[in-house]
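Tertiary structure, described
Here's the letter readout for the chains.
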Amino acid sequence: MEMELSTLILTWVNLGVMILILRHFFWDKIKGIIEERQKYVDDKLTKADEDSEKARMYLLKNEQILQSAKEEGKKITERQKQKGDKVYEEIINNAKEEAVSLKERAMLEIEREKEKAEYEIKKQAVDLAVELSIKALDQKIDENTHRQLIGDFIAKVGM
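Residues numbered from 1 in each chain as written. Predicted model: local features only at pLDDT ≥ 70, side-chain atom pairs only at ≥ 80, totals over all residues. Heavy atoms only, no water.

Per an unreviewed UniProt entry, the protein chain is named ATP synthase subunit b, and its organism is Clostridium puniceum. According to the UniProt record, the Sequence similarities (unreviewed entry) comment for the protein chain reads "Belongs to the ATPase B chain family." (UniProt positions renumbered as here; feature names shortened; annotations may be inferred.)

Below is the structure:
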């Protein structure tokens with residue numbers, strides 16, 4: 001396999017001429033296409049980086065909003081709990097006051113009933129004394145009769 005030197009030189013010259021022709025007619029177009037493609041890829045990468053940064057910023061902002069909402073929710077819950085505790089205390093205090101008031105009214109009612117009962121007992125005692133006096137005046141009383149009337153009176157009064 002012997003190759004001739006002239007064929008080899010002509011092949012190299014032919015390749016060089018082809019490269020020069022291609023470079024002259026197509027190199028700028030190919031270079032422009034490559035540069036355009038490189039610019040397109042760079043733009044896409046830049047946009048992807050910007051979008052990634054925006055997404056990260058939105059994520060941070062959303063986390064801040066979520067944290068703020070949680071804190072506000074806790075504050076609202078705490079305020080409502082305090083209001084509930086206050087209402088509970090008011091109800092308890094009102095119930096205690098009402099209980100004291102009812103107790104005082106009951107004590108007054110008991111005192112009135114006691115006074116009324118004492119009055120009735122005194123009235124009955126007076127009535128019995130009057131009745132005893134009437135009986136004593138109707139008949140002549142000796143000491144035995146007098147003792148018997150007093151015993152009857154005591155028995156009726158319950159002393």
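It is worth spelling out the overall build of the protein chain at this point. Looking only at helices and strands, the protein chain has 2 helices and 0 strands in total. In the protein chain, which comprises 159 residues, the share counted as buried stands at 1%. Total accessible area on the protein chain stands at roughly 15,100 Å², and carbon and sulfur atoms take up 60% of it. (Helix = DSSP H or I, 4+ residues; strand = E, 2+ residues; numbered from the N terminus. Buried < 20%, exposed > 50% of the residue type's maximum accessible area, 1.4 Å probe, protein only. Areas by Shrake-Rupley, 256 points an atom, 1.4 Å probe, with all protein chains shown as cover.)

Another aspect to go through is the packing of aromatic side chains. Overall, the coordinates contain 0 aromatic pairs when judged by the stated rule. Over the face of the ring belonging to Trp-27 we find Arg-23, whose NZ or CZ atom lies 5.6 Å from the ring centre. (Phe/Tyr/Trp six-rings, centres within 6.5 Å; stacked < 30°, edge-to-face > 60°. Lys NZ or Arg CZ within 6 Å of the ring centre and 35° of its normal.)

What follows concerns the UniProt feature "transmembrane region" (unreviewed entry) in the protein chain. In the numbering used here, UniProt assigns the "transmembrane region" (unreviewed entry) feature to residues 6-27. Split by type, residues 6-27 is 100% helix and 0% strand. Its first and last C-alpha atoms lie 29 Å apart.

Attention now goes to the pattern of salt bridges. Per the counting criterion, the structure on display carries 5 salt bridges. One salt bridge in this structure joins Arg-79 and Glu-72, with 3.8 Å as the shortest N-O distance. Judged by its relative accessible area of 42%, Arg-79 falls in the partly exposed class. A relative accessible area of 38% places Glu-72 in the partly exposed class. (Salt bridge = Lys/Arg side-chain N within 4 Å of Asp/Glu carboxyl O.)

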